[in-house]
Amino acid sequence: QVQLVESGGGLVQAGGSLRLSCVASGRTYSSYYMGWFRQAPGKEREFVAGINWSGGITYYPDSVKGRFTVSRDNAKNTVYLQMNSLKPEDTAVYYCAAGNGPGVRGSRYEYNYWGQGTQVTVSS
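Residues numbered from 1 in each chain as written. Predicted model: local features only at pLDDT ≥ 70, side-chain atom pairs only at ≥ 80, totals over all residues. Heavy atoms only, no water.

Enquirer: Just to check I follow, could you spell out the nonpolar core for this structure?
Expert: One recurring pattern in soluble globular proteins is that nonpolar side chains are buried together. Core analysis: the biggest nonpolar cluster contains 29 residues, and Leu-4, Met-34, Trp-36, Val-70, Leu-81, Met-83 and Tyr-94 have the highest contact counts within it. Among the elements of the structure, β1 (2-7), β3 (18-26), β4 (32-39), β5 (46-51), β7 (68-73), β8 (78-83), β9 (92-100) and β11 (118-123) are those that each provide at least two residues to this core. Grouped together as the second largest cluster of nonpolar side chains are five residues, Tyr-33, Phe-37, Phe-47 and Ala-97 included. (Core = buried A, V, L, I, M, F, W, Y, C linked by side-chain atoms within 4.5 Å. Buried < 20%, exposed > 50% of the residue type's maximum accessible area, 1.4 Å probe, protein only. Helix = DSSP H or I, 4+ residues; strand = E, 2+ residues; numbered from the N terminus.)

Enquirer: Explain the pattern of salt bridges here, please?
Expert: Where charged atoms of side chains with opposite charge meet at close range, the side chains can pair. Following the criterion strictly, the structure yields five salt bridges and no others. Between Arg-38 and Glu-46 there is a salt bridge, with its nearest N and O atoms 2.7 Å apart. Arg-38 gets classed as buried once you look at its relative accessible area, which sits at 6%. Overall, the relative accessible area of 36% leaves Glu-46 in the partly exposed class. Two residues, Asp-90 and Arg-38, come together in a salt bridge whose shortest N-O distance is 2.8 Å. Here the residue Asp-90 occupies a position in the loop between β8 and β9, and Arg-38 occupies one in strand β4, the gap between them amounting to 52 residues. On the basis of relative accessible area, Asp-90 is assigned to the buried category, the value being 0%. Salt bridges sharing common partners tie together Arg-38, Glu-46, Arg-67 and Asp-90. (Salt bridge = Lys/Arg side-chain N within 4 Å of Asp/Glu carboxyl O.)

And the structure:
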């Protein structure tokens, strides 16, 4: 019912920054939370940021806290992930995801819709 499309990935050097965007189309809910996940080859998909429907609640793991910022513009049906001070270990395919319900969630099992991903590569 909901389609998500990520963009903004690319190649940057360590210490650089990128801003990812995720545009939602199709049926959307009046109240839903959004999340960003990443997956490197051979590793499990991991949570990197979450935001509730109004944007008033955000949630980050320690690995990105202070470097990444998630935000949303509901008028544009778009969620953003601003990534600063990038490190080589941030290299992965980044996915946006959505789930219906209150609050914000940090588990991939609590998201129902997924984008196709965008590659982020950070060189030394």
